[in-house]
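# Geometric and topological summary
Here is how the chains run, residue by residue.
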Amino acid sequence: ARTLKTMEKAGLIAFSEEEELRVPSLDDVEPGPEIVLNEEQQRAFEEILGRVQAAKPSVTLLHGVTGSGKTQVYLRLVQETLALGKTAMVLVPEIVLTPQMMRRFSACFGDQVAMLHSSLRMTERYDQWKRIRRGEVQVVLGTRSAIFAPLKNVGLIVLDEEQESSYQSENPPRYHTRDVAKYLCARDKSPLVRGSATPAVETAWNAEHGIYHKALLRQRYNRQALPEVLVADLKQEIRAGNAGMVGQVLRTELEENLRRGEQSILLLNRRGSNRYLLCGECGHVPECPRCSVALTYHSANGRLMCHYCGHSERSSDTCPVCG
């Protein structure tokens with residue numbers, strides 16, 4: 001070091017500082033092809049684009065079935081927002097969704113995109129924050145905490161899968177991303193787009209009653225058929241003498257899959273042997289006296305239990321209503 005300082009004094013060398021940002025590299029992402037929307041997507045895009053151009057605060061529910069190509073609509077909206085000289089924010093509910101979404105956005109916008117989520121190291125998040133603050137970034141992509149990015153002149157905010165509970169913070173301050181997004185859109189006079197195949201009840205209600213705007217995508221992008229959904233009434237199964245939880249329709253479908261050498265997945269969404277007891281005659285379901293929810297049956301001890309407050313009672317072989 002002393003030798004270098006001597007050389008500097010002699011005018012042989014000069015020292016300078018250069019900032020090296022600790023930002024995840026996406027050099028391997030190639031520019032993507034031009035985004036082509038189908039007729040349905042184009043209608044939704046043009047409808048929302050009109051609100052971006054109007055520069056007035058609004059909320060639009062982009063209600064599209066799974067695979068309808070909502071992300072392509074987001075990309076086109078962001079492109080047009082940037083063309084107006086404004087910035088955009090796109091939020092996803094889970095960290096696991098961020099890298100794949102980041103690749104798609106990087107293919108369109110290159111290093112104009114910054115990614116923010118809690119799995120990044122603190123140093124990486126700080127450097128991304130500096131880039132955003134300096135105006136080097138026009139698009140912010142991330143999970144709920146990205147809503148607080150220091151982005152200026154926001155022209156569009158997108159909440160993908162807006163019904164997800166992970167948009168609500170569990171730690172103080174327990175903010176909800178939807179509420180912060182609405183405030184930012186009111187402040188910057190920009191539209192908020194909430195995308196979902198299964199919107200939250202309050203969002204759907206507001207859209208149906210005209211408080212929010214609504215754009216529909218009814219078909220999958222590649223015209224693939226939607227899966228057939230069968231609802232089996234187990235009351236009818238009980239009356240037919242089948243008291244089990246596997247009805248005739250499910251049994252037939254499972255047998256067909258086995259015969260074809262295919263696989264099946266059965267999902268159980270509760271602890272306990274059965275989610276509730278049901279009287280096959282009158283339809284009575286025993287409920288918790290405190291919580292008014294169905295009691296879960298546990299076969300290990302023959303008891304009915306409430307998974308909210310811990311209430312427990314012995315199961316009876318006869319219905320307390322009709323006997």
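You'll find the structure just up there.
What counts, and where the lines are drawn
Residues numbered from 1 in each chain as written. Predicted model: local features only at pLDDT ≥ 70, side-chain atom pairs only at ≥ 80, totals over all residues. Heavy atoms only, no water. Axes fitted to C-alpha atoms, helices over the stretch in contact; angles between N-to-C directions. Helix = DSSP H or I, 4+ residues; strand = E, 2+ residues; numbered from the N terminus. Left-handed = near helix turned anticlockwise from the far one by under 90°. Contact = heavy atoms within 4.5 Å. Nonpolar A, V, L, I, M, F, W, Y, C, P; charged D, E, K, R; others polar. Pairing = 2+ DSSP bridges. Salt bridge = Lys/Arg side-chain N within 4 Å of Asp/Glu carboxyl O. Buried < 20%, exposed > 50% of the residue type's maximum accessible area, 1.4 Å probe, protein only. Core = buried A, V, L, I, M, F, W, Y, C linked by side-chain atoms within 4.5 Å. Phe/Tyr/Trp six-rings, centres within 6.5 Å; stacked < 30°, edge-to-face > 60°.

In this section: the packing of helix α2 (residues 39–54) against helix α3 (residues 70–83). Axis separation between α2 and α3 bottoms out at 10 Å; the angle between their running directions is 35°. Handedness of the crossing formed by α2 with α3: right-handed. Only Gln-72, Val-73, Arg-76, Leu-77, Glu-80 and Thr-81 of α3 make contact with α2, whose side of the interface consists of Gln-41, Phe-45, Ile-48, Leu-49 and Val-52. By residue class, the composition of the contact of α2 with α3 is six nonpolar, three polar and two charged.

Sheet strands pair via backbone hydrogen bonds, and the direction of the pair is either parallel or antiparallel. Pairing within the open sheet is antiparallel, and its three strands lie in the order β8-β9-β10. Single-partner strands in this sheet number two, and they are β8 (296–298) and β10 (312–314). The sheet shows a mean angle of 30° between the axes of neighbouring strands, taken without regard to direction. Where strand β9 (residues 303–305) lies against β10, three bridges are found, and the strand directions are antiparallel. Opposite Met-305, over in β10, you have Ser-312 as the bridge partner.

Bringing the pattern of salt bridges into the picture now. All chains considered together, the criterion is met by 16 salt bridges. Two residues, Arg-187 and Asp-188, come together in a salt bridge whose shortest N-O distance is 3.1 Å. Classification of Arg-187 by relative accessible area gives partly exposed; the value is 45%. Connected through salt bridges with shared partners, the residues Glu-162, Arg-178, Arg-194 and Glu-202 form a single ionic network.

This part takes up the environment of Pro-172. Here Pro-172 shows up in the loop between β5 (154–160) and α6 (177–188). Relative accessible area serves as the criterion here: at 63%, Pro-172 is assigned to the exposed category. With 82 residues separating them along the chain, Pro-172 and Leu-254 place their C-alpha atoms 47 Å apart.

The biggest cluster of nonpolar side chains holds 30 residues, and the ones touching the most others in it are Leu-62, Val-78, Phe-105 and Leu-156. Those elements giving two or more residues to this core turn out to be α2, α3, β2 (87–91), α4 (98–109), β3 (113–116), β4 (139–142), β5 and β7 (213–217). The leading source of residues in this core is α3, at six residues. Val-59, Val-140, Ala-181 and Tyr-212 belong to the second largest nonpolar core, which has 25 residues in total.

This part covers the packing of aromatic side chains. Under the counting rule described, the total for this entry stands at three aromatic pairs. Between Phe-105 and Phe-109 the ring centres are 6.0 Å apart and the planes differ by 40°, which places this aromatic pair in the tilted class. Placement of both Phe-105 and Phe-109 in helix α4 is noted, with a separation of four residues, approximately one turn of the helix. With respect to burial, Phe-105 and Phe-109 carry one shared label: buried.

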